[in-house]
Amino acid sequence: MKQLTTKNLIAFLSLAVLCNLVLCSLAPAQETKPDTVLLNGKFFTGVASQPYVQAVAIRGERIMATGDTKTIQALAGPNTVAIDLHGSTAIPGINDAHHHFSLGPAEVDVDFQTLDPSWEQVKNGIVAAIAKNPPNSLIAVTIGFQVFGDTSVDRDALDKIAPNNPVTLGTFTGHAMILNSAALRFYNVSETQPDPLGGRLERDAKGRLTGTIREYALMNMSRAAADRIPDSEAIVQLRQQLEDEAKYGVTSIQELSVAMPPARAVSLLKAVPTQIRVRIVRMPGTTPAGRDVAEGKRMPAHPASLITVSGSKWLADGVGVEGTLTPRGAWKLPAKPPFDSLMADLPLQFPEAEYRTMLQETIDNNDQLLLHISGNRSAQTVLDAIDATGGKSIWDGRRLCFEHGDGIFPDQFARIKQDGIIVVQNPIHLAPIVPPGVVAFEKAQPLKSLLEAGIPLAFGSDAPVNPYLDIMFATNPGNRPSEAITREQAVIAYTRTSAYAEFAEKEKGTLEPGKFADIAVLSQDIFTVPAPDLPKTLSVLTMVGGKVVYKAPDPK
Ligand SMILES: [Zn+2]
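Residues numbered from 1 in each chain as written. Predicted model: local features only at pLDDT ≥ 70, side-chain atom pairs only at ≥ 80, totals over all residues. Heavy atoms only, no water.

Q: For this particular structure, what's the right way to read the overall build of the protein?
A: Along the protein, the regular secondary structure elements total 18 helices and 26 strands. For 556 residues, the compact-globule formula gives about 24 Å, and the C-alpha radius of gyration of the protein, at 25 Å, lands near that figure. Long-range pairs, those at least 24 residues apart, make up 73% of the contacts in the protein with a sequence separation of at least 6. Of the roughly 23000 Å² of accessible surface on the protein, a fraction of 56% belongs to carbon and sulfur atoms. Positive and negative charge centroids in the protein, built from 52 and 59 side chains respectively, lie 3 Å apart. (Helix = DSSP H or I, 4+ residues; strand = E, 2+ residues; numbered from the N terminus. Rg over C-alpha atoms; globule rule 2.2 N^0.38 Å. Contact = heavy atoms within 4.5 Å. Areas by Shrake-Rupley, 256 points an atom, 1.4 Å probe, with all protein chains shown as cover. Lys, Arg positive; Asp, Glu negative; His and termini not counted. Charge placed at Lys NZ, Arg CZ, Asp CG, Glu CD.)

Q: Honestly, the coordination of the zinc ion in this entry has me stumped. Any pointers?
A: Each pair of donors in an ideal octahedron of six around a metal sits at 90 or 180 degrees, and each pair in an ideal tetrahedron of four sits at 109.5 degrees. Coordination of the zinc ion by the protein comes from His-98 (NE2), His-100 (NE2) and Asp-462 (OD), over a distance range of 2.1 to 2.3 Å. Taken in sequence order, the residues that donate to the zinc ion follow the motif H-x1-H-x361-D. The class of His-100 is partly exposed, set by a relative accessible area of 24%. (Donors = N, O, S within 2.8 Å, 3.2 Å for Na, K, Ca; no water. Buried < 20%, exposed > 50% of the residue type's maximum accessible area, 1.4 Å probe, protein only.)

Q: Help me understand the domain arrangement of the protein, please; the structure alone is not making it clear to me.
A: Interface size is commonly expressed as the accessible area that is lost once the parts come together. Structurally, the protein comprises domain 1 (108-226) and domain 2 (316-485). The C-alpha centroid of domain 2 is placed 27 Å from the C-alpha centroid of domain 1. Taken over both partners, the interface formed by domain 1 and domain 2 buries close to 1600 Å², and the fraction arising from carbon and sulfur atoms is 60%. Across the contact surface, domain 1 and domain 2 share zero salt bridges. At the junction of domain 1 and domain 2, the tally comes to 13 residue pairs in polar contact (both at pLDDT 80 or more). Going through the elements one at a time, helix H4 (145-149), strand E12 (176-179), strand E13 (199-203), strand E14 (209-214) and helix H7 (215-227) are the ones with two or more residues in the side of domain 1 that touches domain 2. (Domains from an automatic or database assignment. Buried area = accessible area lost by both parts, 1.4 Å probe. Salt bridge = Lys/Arg side-chain N within 4 Å of Asp/Glu carboxyl O. Polar contact = N/O pair within 3.5 Å; in protein donor to acceptor, adjacent residues only side chain to side chain.)

Q: Just to check I follow, could you spell out the packing of helix H8 (residues 231-247) against helix H9 (residues 262-271) for this structure?
A: Packed helices, taken two at a time, are described by the angle between their axes plus the distance between the axes. For the pair H8 and H9, the least separation of the axes is 9 Å and the interaxial angle reads 70 degrees. Our classification of the angle between H8 and H9 gives roughly perpendicular. Here Asp-231, Ala-234, Ile-235, Leu-238, Arg-239 and Leu-242 of H8 come into contact with H9, specifically with Arg-264, Leu-268, Leu-269 and Ala-271. Among the residues making up the contact of H8 with H9, the classes are represented as seven nonpolar, no polar and three charged. (Axes fitted to C-alpha atoms, helices over the stretch in contact; angles between N-to-C directions. Parallel < 35°, antiparallel > 145°, perpendicular 65-115°, else oblique. Nonpolar A, V, L, I, M, F, W, Y, C, P; charged D, E, K, R; others polar.)

Q: Mind showing me how you'd approach the sheet that holds strand E1 (residues 36-39) here?
A: Within a sheet, each strand pairs with its neighbour through backbone hydrogen bonds, oriented either parallel or antiparallel. If you walk across this open sheet you meet the four strands as E5-E4-E1-E6, and the pairing is mixed. Looking along the sheet, the strands with just one partner apiece sit at the ends: strand E5 (62-67) and strand E6 (81-84). The sheet shows a mean angle of 15 degrees between the axes of neighbouring strands, taken without regard to direction. Note: strand E4 (residues 55-59) against E5, five bridges, orientation antiparallel. Across the sheet, residue Val-56 finds its bridge partner in E5, namely Thr-66. (Pairing = 2+ DSSP bridges.)

Q: Explain the pairing of E13 here, please?
A: On a regular strand, one side chain projects to one face of the sheet and the next to the other, so that they alternate. As paired elements, E13 and E14 share three bridges and run antiparallel to each other. Across the sheet, residue Arg-200 finds its bridge partner in E14, namely Arg-214. Counted between consecutive antiparallel strands, the loop separating E13 from E14 contains five residues, among which Gly-207 sits at a positive phi close to 90 degrees.

Q: Which parts of the structure should I look at to understand the packing of aromatic side chains?
A: Any aromatic ring pair is given by two values, namely how distant the centres are and how the planes are angled relative to each other. Evaluated as defined, the whole model comprises nine aromatic pairs. Between the aromatic rings of Phe-145 and Phe-172, the centroid separation amounts to 6.2 Å while the plane-to-plane angle is 65 degrees, which identifies the pairing as edge-to-face. Here Phe-172 lies in the loop between strand E11 (167-171) and E12 and Phe-145 lies in helix H4, a separation of 27 residues in the sequence. On the basis of relative accessible area, Phe-145 is assigned to the buried category, the value being 18%. For Phe-172, a relative accessible area of 31% corresponds to the partly exposed category. Pairing Phe-186 with Tyr-187 gives two aromatic rings, centres 5.1 Å apart and planes at 75 degrees, and the pair type is edge-to-face. (Phe/Tyr/Trp six-rings, centres within 6.5 Å; stacked < 30°, edge-to-face > 60°.)

Q: For this particular structure, what's the right way to read the pairing of strand E16 (residues 277-282)?
A: Of all six residues in E16, six are buried, a share of seventy percent or more. Residues Arg-277, Arg-279 and Val-281 point to one face of E16 and Val-278, Ile-280 and Arg-282 to the other, with burial holding for every one of them. The pairing of strand E15 (residues 250-257) with E16 spans six bridges and is parallel. Looking across to E16, one finds that Gln-254 is bridged to Arg-279.

Q: Before we go on, may I ask you to explain the nonpolar core in this structure?
A: Counting residues in each nonpolar core, the largest one holds 95 residues, and the members touching the most others are Ile-91, Leu-371, Phe-402 and Phe-459. When residues of this core are sorted by domain, at least three fall in each of domain 1 (108-226) and domain 2 (316-485). In this view, Leu-371 contacts Trp-314, Ala-316, Met-358, Val-382, Leu-400, Cys-401, Phe-402 and Glu-403; residues no more than four positions away in its chain are not counted. Listed in part, the 19 residues of the second largest apolar core include Ile-126, Ala-157, Leu-158 and Leu-169. (Core = buried A, V, L, I, M, F, W, Y, C linked by side-chain atoms within 4.5 Å.)

This is the structure we're talking about:
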């Protein structure tokens, strides 16, 4: 394969300029020929007027033409590389609009078949992990409603079964954690440290830490642990994650940079170096005095050809299953769903006036604002803050993003639409977590009805990446079957609208002339395979800017 590197591209561009100046009429034939043609495929373009084409021609880092195989083949010159897709399905490269790198200390993960194990299972899992791992290994367990809702599970209960090993019980949402005494020491959490704004280190009546840490207090703790990981090791962790993305045909990620300050993220990504496009979105922590608004503010917008820095993300609320900032145990799941009440009543992360401050600061900095909106109250508060800071005339066009948007109810659609808000949902949230026969989320967690209301819907992973698992849930949402969208709509949410969410829709997100040649050729036809097979999809050929960044090994 002929590959065009950045250096080659610069050389090519200077040559092109020279040709224009001196030799324009004598340009050699190959100058106007594609570098690569992909033939005999089933390309989903994402363009409404021509949703499917057979072939794509690429010159430099951009798409030169699309059409049927015969037409595209006729464009090829003697030096054009032709790749026969033999009927394979291809899509615009996936753009993960809500991505988090994971960067943390080495740990022993205790997994169960369920996201909601019982305390009995958790206890046994911890004891077994301690027995078969080196002394003092960090043991990390993922828990759900049952264990988090059981207030007898705390630091002391964990100390009894794990007196020496640091043990963390992290909720699957990532918004709360229960730590034993050794883990509090491991993470440098001191008995006297004050709560940051929008975070909580829970204490008992005597003021002693119970081990439960929430929201911004947990974010700050995890960030501090990631900061201690040497760059050499961080590069290995990030490189692995980026390689995994390319195997799924992901060509762009929008990293909500919770694990690293933007400056560190950029320097690590340059060192990796990343082969796919990464947008770094500032996601600073808080201190007892307030939000850290200075973090990343002076970063250049384009620190490298594949890296951009833009936007700021804050948590407007937490998540339903943990009641966010209320004391643990004070806010329990209703004995019987519907869960709509969860989506409606979530406490806000910050005092109400802080949202107006946040919005005004976005306008003053000409920034893009991304807000974690799980519940309905936060959505309502932000919509009101929009009105208080100028309303539609100021906000439409600024592309404020509601990240998740599970708690958006139909009565808010009109305002969301008029203020030009984008909803970035994570389809994994629509996985069937409610037992059959129980009615849940009767009005919340919209997908299809957002599109019908004309509201841009983008997708992101918010979790380990598998876009095709997400497409399965978006097209078969267990929680809300009536909100199912089509597979084409799901791919558009993960490509074209994700690009729109980062103001990059003129550059990427569809397969059409002039756009970056960011393309994923897939291992199976995601538009026709049975739904349960979707998660098995992988890329066989991933291109970023016309350059192959992943190619599956040839089947033997
Ligand atoms: Zn997230």
